[in-house]
Amino acid sequence: MRVLTHALIIVLGATMPWMTINAETAGLTLDKAIRIAVTTDPWLTGSRHQETALADEAVSAATLPDPRVSVMAANLPTDSFDLGQEAMTQLTVGVTQMFPRGDSRALARQQKQQSSLQQPLLRMDREAKVAATVSQLWLEAFKAEESIRLIENDRALFEQLVDAAEASYATALGRSRQQDVIRAQLELTRLDDRLTALNQQKESAQQQLSEWVGEFADSTPAGPLPMLELPAPALLTDNRPLSQPLSQQPWYEWLRLHPAVQAEDRRIDSMATGVELARQKYKPEWGVTAQYGYRADDPLGRERANLFSVGVSFDLPLFTSNRQDRDVSAAVARAEAVKTDKLLLVRQLMAKLEMARAQLKRLDQRQTLYQRQLLPQMSEQAEAALGAYNNDDGDFAEAVRSRIAELNAKIDALAIAVDRQKTIAQIRYLLAQVPTVNG
């Protein structure tokens with residue numbers, strides 16, 4: 001019995017490219033999946049509307065309140081309601097304009113503008129998150145698809161083993177025993193079970209992916225396996241030791257430019273402006289009133305002079321302990337709370353980055369081990385075991401076990417390669433940066 005030649009050779013090196021897999025198969029590529037997810041993400045549309053709303057509110061906040069107009073008939077005599085009977089009777093029209101406290105209008109506009117500046121940063125963060133999430137789901141579906149293909153390729157070999165064992169068992173001169181035939185058929189059944197489980201995993205990943213790409217998720221993931229690049233700084237390459245502590249300032253300086261952190265900075269700015277806005281409550285609110293009064297002629301027909309009044313009103317913030325002081329204290333506390341949120345966010349990013357770097361280091365080590373030793377050794381062992389059996393010098397069960405071990409090693413190597421790309425996708429999100437830092 002001749003040993004089948006495998007069409008796929010899995011190459012797993014940090015410096016060696018992955019061989020083209022299913023290159024001609026029409027399907028959903030990772031780049032296409034990310035583009036669809038970002039383009040159709042309703043959150044991004046909502047964020048743009050939110051930015052527009054805040055920009056409009058900034059203009060509104062800087063505008064003076066509408067003037068108040070009053071029309072009144074004053075000092076009418078109740079015995080006759082004659083407009084000319086009493087000199088004090090008049091018809092008045094007044095206009096009152098209020099002026100908010102201190103710099104409240106300018107500060108309110110500034111606060112809205114600072115809030116609106118968060119939205120582009122939050123969208124950058126969202127797009128990076130979507131790319132990382134879609135990458136994880138697509139790669140999971142890809143791993144299941146390629147594992148299925150590997151098993152289906154080797155299934156043909158096991159079918160030949162079954163045929164050969166049955167043919168040998170059927171002849172009087174054959175070495176095969178009944179248990180060899182049963183063992184070969186059992187391995188085929190187990191392969192079928194693995195295919196069913198892998199199809200379940202693939203369908204589960206596709207269903208999760210459909211949240212982001214809709215009906216495109218049903219397409220077969222199109223190879224080859226993407227080789228995602230690490231972010232620009234040599235944080236994770238041989239140029240910089242992986243053991244270097246993340247607590248050093250250069251690491252923080254890089255993470256400080258993450259869109260989510262920058263958005264927190266804008267939120268801090270907004271809350272600081274809120275403190276200044278609260279302090280404006282110590283200043284009086286002013287109002288200017290102008291009033292024109294019309295008087296009718298007196299009973300003798302003599303003309304009476306019309307009247308004009310103008311005045312200024314303002315409040316006196318004298319009792320501040322339970323109002324203004326409390327408002328300022330609350331605003332300060334909220335601003336400090338936002339600073340704490342930023343600190344927690346940076347610490348979370350640092351911890352996730354440290355974990356991802358550690359995972360990448362171990363995956364690189366395993367990838368090298370599989371490429372240089374395990375895969376070649378497994379292949380040699382399988383060839384030797386099958387050759388020995390064909391030459392009447394080996395055990396059929398050992399030949400089958402060797403082929404199963406080789407198949408498992410290929411699937412494990414595929415999983416390592418995919419997990420490495422998933423880790424890099426996570427690192428790419430964690431080290432995302434704002435192209436231009438706003439003020």
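Preceding this paragraph is the structure being described.
Residues numbered from 1 in each chain as written. Predicted model: local features only at pLDDT ≥ 70, side-chain atom pairs only at ≥ 80, totals over all residues. Heavy atoms only, no water.

**As for the overall build of the protein**
- Check the secondary structure of the protein and you find eight helices and four strands.
- Listed N to C, the secondary structure of the protein is α-α-β-β-α-α-α-α-β-β-α-α in terms of helices and strands.
- Sorting the 439 residues of the protein into buried and exposed places 39% on the buried side.
- Pairs at least 24 apart in sequence give 82% of the contacts found in the protein among residues at least 6 apart.
- Summed over its atoms, the accessible surface of the protein is roughly 24200 Å², and 52% of this surface lies on carbon and sulfur atoms. (Helix = DSSP H or I, 4+ residues; strand = E, 2+ residues; numbered from the N terminus. Buried < 20%, exposed > 50% of the residue type's maximum accessible area, 1.4 Å probe, protein only. Contact = heavy atoms within 4.5 Å. Areas by Shrake-Rupley, 256 points an atom, 1.4 Å probe, with all protein chains shown as cover.)

**What to know about the pairing of strand β2 (residues 90-99)**
- Judged from the seven bridges that link them, strand β1 (residues 68-74) and β2 form a sheet pairing that is antiparallel. Within β2, the residue paired with arginine 68 across the bridge is threonine 96. (Pairing = 2+ DSSP bridges.)

**Quick notes on the nonpolar core**
- Formed by 31 residues in total, the largest nonpolar core has its most connected members in Leu28, Val134, Trp138, Ile151, Leu209, Trp212 and Val213.
- The set of elements that each furnish at least two residues to this core consists of α1 (30-39), α3 (104-170), α4 (178-213) and α8 (396-430).
- Considering every element that reaches this core, the biggest residue donor is α3, with ten residues. (Core = buried A, V, L, I, M, F, W, Y, C linked by side-chain atoms within 4.5 Å.)

**Topic: the sheet that holds β1**
- Spatially, four strands are ordered β1-β2-β3-β4 in an open sheet, and the strand pairing comes out antiparallel. On the outer flanks of this sheet lie β1 and β4 (307-314), each paired with one strand and no other. Across the sheet, the mean angle separating the axes of adjacent strands is 20° when strand polarity is ignored. (Axes fitted to C-alpha atoms, helices over the stretch in contact; angles between N-to-C directions.)

**Details of the environment of aspartate 412**
- Inspection of the secondary structure assignment puts aspartate 412 in helix α8.
- Residue aspartate 412 is classed as partly exposed on the basis of its relative accessible area, which comes to 34%.
- Measuring from C-alpha to C-alpha, the distance between aspartate 412 and serine 147 comes to 9.2 Å, with 265 residues separating the pair along the chain.

Read these as layout, nothing more, since geometry by itself doesn't imply function.
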